[in-house]
Amino acid sequence: MIPFLIVIPFFGGIISWFSQKYSDKLPRCVALISIILMFLINLIMFLNNFFEKLFFSYKIFFNNNFSIVCIKNLGINFSLYCDRFSLYMIFITILLGLLSITFSYNKSYKNPGMFYLNILFLISSIIGSFLSTDLFFFFLFLEIMIFPVCFLNFFWGNNKNSKKNNFDYIKNFFLHSQVSSIILLFSILLLVNYYHSINGIWTFNFDILKTVFVHKNFLENLILYGFLFSFIIKLPSVPFHTWFPNMIMYSPKGNCVDLIGFLSKVGVYGLLRFFIPISGNILYKIQVFMIFLGIINVFYGAFMASIKNNLKHILSYINISHIGIIMLSIFNLNNLSYEGLLLYIISSTISSSAIFALSNKIYEKFNTYDLRKMGGLWKELNFVPNFFLFFTLSNFGLPGTGNFIGEILIFIGFFLLYPKISAFFTISIIFFVFCSLKMFHRIFYGNLKNYSKNFDLNFIETLLILFFMFLLILIGLFPNFIFYKFNFLDIFLVNCS
């Protein structure tokens, strides 16, 4: 069943492309059916995982492992493995895909078949990276996902002012991605060659390769720092963040911006899955520096968000701030922080995506993301202001939501190790509150500006937004179900001592 999560969007994208010959509506139907099929498969895998095959006993079909030998002499296999962490990351990806396609469903795009092909290829490659245990295919999926992002921004991007500017931002993103990829490829090849020099076996299987580390020589350190540097660029952390706000700014008007923003979580996944388990004592040597870098991200993102007037810029800088909080929890090496980390990744992604979705609905009527040209929508709309307020508050830790539980656990874990710094860290909350409330006030209060006609969410969009609210409240009230029969720490910290 695991390969279907990659195969369905891949072939769904190709069918979408060909179906354009017959009707402009067919590609979006194919894309929607593909993502619904993936959602159902993911749901079955969740039930199977939670209830330990209570309802589904066909072990071959529901096995969490899948492997095919590709290049035997080099030990390259198409190996997939899905534990609970991968399952959560895939679930979020599918949710964002569903949100993107649903909110784009009624929009008219030039060459819609190619548009949905790129969205589905992007989803397929992201999920492939979350499932791959073979470093060759993990790297391959990372490379593939760069191209749909570039094509979506170049051909369907929000570039009404200047196509050249859009191209410059895409070039900036491409260069950052390639530098990160070259460093990662170099580190992978060094690791594979290092293992071969000791054991005489060629393999790209990470579960085998990670056993070679003894943390006593220069080569191992070089490999580790290569992995770290590559994933830090992909996050994107300050000072490698410059591509991120502008790529979000000039992304297509539909909600594929959520998927583009989700690329940052691939960097988080890479750090947790491939760097932390092999880092050993080096993790403690770089801990202070990485925490300091995380704090810079938090304050820089919050400060920049508070002085910007463009809605997409504000949301992208808040995302950079979230990355800082994630970095704090990763390198804090504390049990509470790690439990809070998983809750925070899921909750912040859901709340941020919902805000992006509602922002794009607002854009359709104002025809701008400039807050100075917005205002007075509170009385004009039925549900959008209430939804927007809920997700804005949850985004900076509304009690009763998953964001609050995640942040509290991360903060307590951080406080236990660095009480003075954690007290200073709370100042960042003021920036969060200020920029979030400023954003909300400018959109929904004051005089009505540039508003053309009544609009609101349709039934399906409302249902999806309500589902997102339900998930945030469910995680906030019952966070333990996320860790039901699942020890998050065993995956990452087992080799750190």
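From a predicted model like this one, the values you see are computed outputs, not experimental measurements.

**Student:** Can you break down the overall build of the chain residue by residue, with the values?
**Tutor:** The number of helices and strands found in the chain is 20 helices and two strands. Counting all 497 residues of the chain, 61% fall into the buried class. Put simply, of all contacts in the chain between residues at least 6 apart along the chain, 81% involve residues at least 24 apart. Surface summary for the chain: the accessible area is close to 19900 Å², and the carbon and sulfur share equals 68%.

**Student:** Explain the packing of helix H11 (residues 263-279) against helix H13 (residues 311-332) residue by residue, including any values.
**Tutor:** Packing of H11 against H13 leaves a shortest axis separation of 11 Å and a crossing angle of 10°. Classified by the interaxial angle, the pair formed by H11 and H13 is roughly parallel. Residues Ser264, Lys265, Val268, Leu271, Leu272, Phe275 and Ile276 of H11 form the contact with H13, whose own contacting residues are Asn319, Ile323, Ile326, Ile330 and Phe331. Residues of the contact of H11 with H13, tallied by class, amount to nine nonpolar, two polar and one charged.

**Student:** Can you explain the nonpolar core? Please cite residues and give values.
**Tutor:** One finds Phe227, Phe275, Ile330, Phe331, Phe391 and Ile443 to be the most contacted residues of the largest nonpolar core, which totals 163 residues. For this core, the leading source of residues is helix H14 (residues 335-366), giving 16 residues. Beyond its immediate chain neighbours, meaning those up to four positions away, Ile443 contacts Leu311, Ile362, Leu371, Met374, Gly375, Gly376, Leu377 and Phe388.

**Student:** So what about a nonpolar patch on the surface? Which residues, and what values?
**Tutor:** On the surface, Ile33, Ile36, Leu37, Leu40, Leu43 and Leu47 cluster together into a nonpolar patch covering about 500 Å² of accessible area. Secondary-structure assignment places Leu37 in helix H2 (residues 26-50).

**Student:** Summarise the side chain of Asp83; cite the residues concerned and give the values.
**Tutor:** Its place among the elements puts Asp83 in the loop between strand S2 (76-81) and helix H3 (84-104). Judged by its relative accessible area of 10%, Asp83 is buried. Polar side-chain contacts of Asp83 include one of 2.9 Å to the side chain of Arg273.

**Student:** Run through the pairing of S2, naming residues and quoting values.
**Tutor:** As paired elements, strand S1 (residues 65-71) and S2 share six bridges and run antiparallel to each other. Bridging from a neighbouring strand, Val69 pairs with Asn77 of S2.

**Student:** I'd like to hear about H11, residue by residue, with values.
**Tutor:** Spanning 17 residues, H11 covers 23 Å between terminal C-alpha atoms, matching the ideal 24 Å at 1.5 Å per step. Helix geometry: H11 is bent most strongly at Leu271, by close to 30°. H11 sits mainly inside the fold: 17 of its 17 residues count as buried. Gly280, located one to two residues past H11, shows a positive phi value of around 55°.

**Student:** Please give an account of the packing of aromatic side chains that cites residues and values.
**Tutor:** Enumeration over the complete set of coordinates arrives at 33 aromatic pairs. Through a chain of ring-to-ring contacts, three or more aromatic side chains come together here, namely Phe115, Tyr116, Phe151, Phe154, Phe155 and Trp156.

**Student:** Run through helix H8 (residues 218-234), naming residues and quoting values.
**Tutor:** Relative to the 24 Å expected for 17 residues at 1.5 Å per residue, H8 spans 25 Å between its end C-alpha atoms, a close match to the ideal helical length. Every buried residue of H8 is listed here: Glu220, Ile223, Leu224, Gly226, Phe227, Leu228, Ser230, Phe231, Ile232, Ile233 and Lys234.

**Student:** Run through the pattern of salt bridges, naming residues and quoting values.
**Tutor:** By the definition in use, this model includes three salt bridges. For Asp370, the salt bridge is made with Arg372, and the minimal N-O distance between the two is 3.0 Å. Taking the relative accessible area as the measure of exposure, Asp370 reaches 15% and is therefore buried. For Arg372, a relative accessible area of 52% puts it in the exposed group.

**Student:** Outline the side chain of Ser321, listing residues and values.
**Tutor:** One can find Ser321 in helix H13. Overall, Ser321 belongs to the buried group, its relative accessible area being 0%. Side-chain polar atoms of Ser321 contact the backbone oxygen of Val298, separated by 2.5 Å. In contact with Ser321, not counting residues within four places along its chain, are Asn297, Val298, Gly301, Ala302 and Phe432.

**Student:** Talk me through the confidence of the model for the chain; I want residue IDs and the actual numbers.
**Tutor:** In this model, the chain carries a mean pLDDT of 83, and residues with pLDDT of at least 70 account for 89%. Averaged over each element, pLDDT in the chain is lowest for helix H10 (residues 256-261) (58) and highest for helix H1 (residues 4-19) (92).

**Student:** Run through the environment of Asn297, naming residues and quoting values.
**Tutor:** Within the secondary structure, Asn297 sits in helix H12 (residues 282-307). Taking the C-alpha atoms as reference points, Asn297 and Ser237, 60 residues apart in sequence, are found 6.7 Å from one another. If near-sequence neighbours (up to four positions away) are discounted, Asn297 is found in contact with Pro236, Ser237, Val238, Ile320, Ser321, Gly324 and Met327. Separated by 3.0 Å, the side chains of Asn297 and Ser237 make a polar contact.

**Student:** Just give me the short version of the environment of Ser337, but keep the residues and values in it.
**Tutor:** Inspection of the secondary structure assignment puts Ser337 in helix H14. The spacing of Ser337 and Ile408 is 71 residues in sequence and 8.8 Å in space, taken between C-alpha atoms. The residues touching Ser337, leaving out its near neighbours within four places in the chain, are Ser329, Asn332, Leu409, Ile410, Gly413 and Phe414.

**Student:** Could you give an account of unusual backbone geometry, naming the residues involved and the relevant values?
**Tutor:** Omega for the peptide link from Leu235 to Pro236 comes to 0°, which places this bond in the cis form. The omega torsion across Val238 and Pro239 is 10°, close enough to zero to call that bond cis. Mapped onto the elements, Pro239 comes out in the loop between H8 and helix H9 (243-249). Positive phi outside glycine occurs at Asn111, with the angle close to 55°. By the element assignment, Asn111 lies in the loop between H3 and helix H4 (112-131).

Quick notes on the rules
- Residues numbered from 1 in each chain as written.
- Predicted model: local features only at pLDDT ≥ 70, side-chain atom pairs only at ≥ 80, totals over all residues.
- Heavy atoms only, no water.
- Helix = DSSP H or I, 4+ residues; strand = E, 2+ residues; numbered from the N terminus.
- Buried < 20%, exposed > 50% of the residue type's maximum accessible area, 1.4 Å probe, protein only.
- Contact = heavy atoms within 4.5 Å.
- Areas by Shrake-Rupley, 256 points an atom, 1.4 Å probe, with all protein chains shown as cover.
- Axes fitted to C-alpha atoms, helices over the stretch in contact; angles between N-to-C directions.
- Parallel < 35°, antiparallel > 145°, perpendicular 65-115°, else oblique.
- Nonpolar A, V, L, I, M, F, W, Y, C, P; charged D, E, K, R; others polar.
- Core = buried A, V, L, I, M, F, W, Y, C linked by side-chain atoms within 4.5 Å.
- Patch = residues over 30% accessible without salt bridge, like charges linked within 9 Å, V, L, I, M, F, W, Y side chains within 5 Å.
- Salt bridge = Lys/Arg side-chain N within 4 Å of Asp/Glu carboxyl O.
- Polar contact = N/O pair within 3.5 Å; in protein donor to acceptor, adjacent residues only side chain to side chain.
- Pairing = 2+ DSSP bridges.
- Expected span 1.5 Å × (residues − 1).
- Bend = angle between axes of the 7 residues up to and from the residue.
- Phe/Tyr/Trp six-rings, centres within 6.5 Å; stacked < 30°, edge-to-face > 60°.
- pLDDT = per-residue confidence, 0-100.

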